[in-house]
Amino acid sequence: MNGKVEVNEMAPDFNLPSQSGTSIKLSDFLGKKWIVLYFYPKDDSLGCRAESCAFRDSYEVFKEAGAEVIGVSSDGIDSHAQFSSKHRLPFILLSDVGGIVRKQYGVPTTLGMLPGRVTYVIDKKGMVRHIFSSQFKPREHVDESLRIIKEGKANKELLCPKFI
């Protein structure tokens, strides 16, 4: 399925292998955590290293906010395992060989050839709450994602205050 996922649409489920070879589905996280699903062009390229390390450096903040970070590229499992180990990435990297999930989400290419860099912030119900696309500002993906998660959680708490 080729499509383009938009804000306020349900995020398509998928089943992809992680850097450890474990099969991961988006639906595994629904009802439990917000998801920051970031598509990036290639393991260990300059921009992708900067983006992934920025997510690594803020990973505890994401966890405290109730979110899981998941990176996706078309690199294989072995490449992901090396990339993850080399840069101490504490989150899941998924191997989308053939770009099937990339196409399903409608992630564009840059200049018609370079796989795009797009981040989807997905709430606990599976609804896409924000999409950030910038090939040349990899670190902003982290800031935008955190901002949306914090705003989303704050808005929910305003609507449904916790009673003690």
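For the structure itself, consult the block above.
Being a predicted model, the structure only gives us computed values, none of them experimental.

Participant: Account for the overall build of the chain, with residues named and values stated.
Facilitator: Looking only at helices and strands, one finds five helices and nine strands in the chain. Seen in sequence order, the chain has helices and strands lined up from the N terminus as β-β-β-α-α-β-α-β-α-β-β-β-β-α. Looking at the chain as a whole, 49% of its 164 residues are labelled buried.

Participant: So what's going on with unusual backbone geometry? Which residues, and what values?
Facilitator: With a phi close to 70°, Asn8 is a non-glycine residue in the positive phi region. Counting through the fold element by element, Asn8 comes out in the segment before β1 (15-17). Looking at Asn8, the relative accessible area reads 52%, which means it is exposed. A positive phi angle, close to 50°, is found at Arg88, a residue other than glycine. Relative to the helices and strands, Arg88 resides in the loop between α3 (77-86) and β5 (92-95).

Participant: Give a detailed account of the side chain of Glu144, specifying residues and quantitative values.
Facilitator: On the secondary structure map, Glu144 appears in helix α5 (residues 140-159). Side-chain polar atoms of Glu144 contact the side chain of His130, separated by 2.8 Å. If sequence neighbours within four positions are ignored, Glu144 has contacts with His130 and Phe132.

Participant: Please give an account of the pairing of strand β3 (residues 34-39) that cites residues and values.
Facilitator: With six of its six residues buried, β3 lies for the most part within the structure. What you see with β3 is no split at all: Trp34, Val36 and Tyr38 on one side and Ile35, Leu37 and Phe39 on the other are buried throughout. As paired strands, β3 and strand β4 (residues 67-73) are joined by six bridges and run parallel to one another. Counterpart to Phe39 in the pairing with β4 is Val72. Note that β3 and strand β8 (residues 118-122) share five bridges and pair antiparallel. Bridge assignment links Leu37 to a residue of β8, and that residue is Tyr120.

Participant: Can you tell me about the sheet that holds strand β9 (residues 128-133), naming the residues and giving the values?
Facilitator: An order of β5-β4-β3-β8-β9 is seen for the five strands of this open sheet, with the pairing classed as mixed. The open sheet terminates on both sides in strands that have one partner only, identified here as β5 and β9. Ignoring which end each strand starts from, the neighbouring axes of this sheet average 20° apart. In terms of strand pairing, β8 meets β9 through five bridges, oriented antiparallel. Residue Val118 lies in a different strand from β9, and its bridge partner there is Ser133.

Participant: Would you mind going over the side chain of Glu68 in detail, with residue names and values included?
Facilitator: Within the secondary structure layout, Glu68 lies in strand β4. Taking relative accessible area as the criterion, Glu68 reaches 7% and is therefore assigned buried. Setting aside chain neighbours within four positions, we find Glu68 in contact with Phe29, Lys33, Trp34, Ile35, Val36, Tyr59 and Phe91.

Participant: So, α3: which residues are in play, and what are the values?
Facilitator: Note: α-helices contain 3.6 residues per turn, so residues at a spacing of three or four share the same orientation. Among the residues making up α3, those that are buried are His80, Phe83 and Ser84. One face of α3 carries all of its buried residues, which in axial projection span an arc of 95°. Pointing more than 90 degrees away from the buried face of α3 are the exposed residues Asp78, Gln82, Ser85 and Lys86. Among the structural elements, α1 (46-57), β4 and β5 are those in contact with the buried residues of α3. Arg88, located one to two residues past α3, shows a positive phi value of around 50°.

Reading the values: rules and limits
- Residues numbered from 1 in each chain as written.
- Predicted model: local features only at pLDDT ≥ 70, side-chain atom pairs only at ≥ 80, totals over all residues.
- Heavy atoms only, no water.
- Helix = DSSP H or I, 4+ residues; strand = E, 2+ residues; numbered from the N terminus.
- Buried < 20%, exposed > 50% of the residue type's maximum accessible area, 1.4 Å probe, protein only.
- Polar contact = N/O pair within 3.5 Å; in protein donor to acceptor, adjacent residues only side chain to side chain.
- Contact = heavy atoms within 4.5 Å.
- Pairing = 2+ DSSP bridges.
- Axes fitted to C-alpha atoms, helices over the stretch in contact; angles between N-to-C directions.
- Arc of directions from axis to C-beta.

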